[in-house]
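# Per-entry structural report
What follows is each chain in one-letter form.
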Amino acid sequence: MTDTDDRYTKERARLLEEIAEGARETAALTGRARFSDRVMRAIAAVPRHEFVAADQQAYAYFNRPLSIGRGQTISQPFIVAVMTELLDLEPGDSVLEVGTGCGYQAAVLAELVERVYSVETIAALATAARERLEALGYDTVDIRIGDGFEGWPEKAPFDAIIVTAAPTEIPGTLIEQMKPGGRLVIPIGPQHDSQTLFRCVKESDGRLSAQRILPVAFVPMIKGPEN
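The structure contained in this document is the topic of the report that follows. In this text the structure is predicted, and so the values were computed from the model without any measurement. (Residues numbered from 1 in each chain as written. Predicted model: local features only at pLDDT ≥ 70, side-chain atom pairs only at ≥ 80, totals over all residues. Heavy atoms only, no water.)

## A few points about the side chain of Gln57
Along the chain, the position of Gln57 falls in the loop between helix 3 (37-45) and strand 1 (66-69). Only 2.9 Å separates the side chain of Gln57 from the backbone oxygen of His49, close enough to count as a polar contact. Residues contacting Gln57, with those up to four places away along its chain left out, are Tyr8, His49 and Val52. (Helix = DSSP H or I, 4+ residues; strand = E, 2+ residues; numbered from the N terminus. Polar contact = N/O pair within 3.5 Å; in protein donor to acceptor, adjacent residues only side chain to side chain. Contact = heavy atoms within 4.5 Å.)

## Section: the packing of aromatic side chains
Across all of its chains, the model carries six aromatic pairs by this definition. Ring centres 5.7 Å apart and planes at 70 degrees place the aromatic pair Phe51 and Tyr104 in the edge-to-face group. With Phe51 in the loop between helix 3 and strand 1 and Tyr104 in helix 5 (residues 104-110), the pair connects residues that are 53 residues apart, well separated along the chain. Both residues of the pair, Phe51 and Tyr104, belong to the buried class. Ring geometry for Tyr59 versus Phe62: centroids 5.6 Å apart, planes at 80 degrees, classification edge-to-face. By relative accessible area, Tyr59 is classed as partly exposed at 34%. A relative accessible area of 31% places Phe62 in the partly exposed class. Here a set of aromatic residues connected by ring pairs shows up, and it is made of Tyr117, Trp152 and Phe158. When the ring centre of Tyr104 is taken as origin, the NZ or CZ atom of Arg48, which lies over that ring, is 5.6 Å away. (Phe/Tyr/Trp six-rings, centres within 6.5 Å; stacked < 30°, edge-to-face > 60°. Buried < 20%, exposed > 50% of the residue type's maximum accessible area, 1.4 Å probe, protein only. Lys NZ or Arg CZ within 6 Å of the ring centre and 35° of its normal.)

## Description of unusual backbone geometry
Cis peptide bonds are those with omega within 30 degrees of zero, and the linkage from Ala156 to Pro157 qualifies with 5 degrees. Here Pro157 shows up in the loop between strand 5 (141-145) and strand 6 (158-163). Positioned with a positive phi, Arg70 is a non-glycine residue whose angle comes to about 55 degrees. Structurally, the position occupied by Arg70 is in the loop between strand 1 and strand 2 (72-74). With a phi close to 50 degrees, Asp88 is a non-glycine residue in the positive phi region. Here Asp88 shows up in the loop between helix 4 (77-86) and strand 3 (94-98).

Fair warning: the whole summary comes from geometry, so function is off the table for now.
The following block contains the structure:
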């Protein structure tokens, strides 16, 4: 879905430049000095201002997280870009997102793959995200209210899984729901302490190989669902 609102054209272009610069600066950690054209086009296409409250829209294209209420945030655009890049998505992939939030990451994924399944523990956020994505034309995103630790077994196995909140260890249930060769990008660590972004691949024998990527700061992954 390409946004036709040109109020933010300059801000969006500046943000893309900052993301590209961030890729170059973190290349030694990520192994990606340049993000793919597909990922950068997806970031450019999604109207981030539609995913924040009206009083936050002036900051929508700043490269920083913003509050979306309920103690949750919309992630920093660079982090959205790097996590999406690390998934190595193909157009026909099926992706599970754990932590819908406002729906922004799901919209970015929907620009890249055939189907996105997203689980959110907070009912009010899930409902608002579903309505927002439908209004913006993202009809390939399915959202359910549930416990992210349980994933979405009925739709498994997935080519890729992205987790947008930090557990203290990788949930075994999510590993079970990955296809062989599937990719998992997830932050690990306690709140207000050291957290690390990991890229994991499920090997043909079912084992998970994990690569440390970047230090990050995410809200904690919580059991749910919550009202």
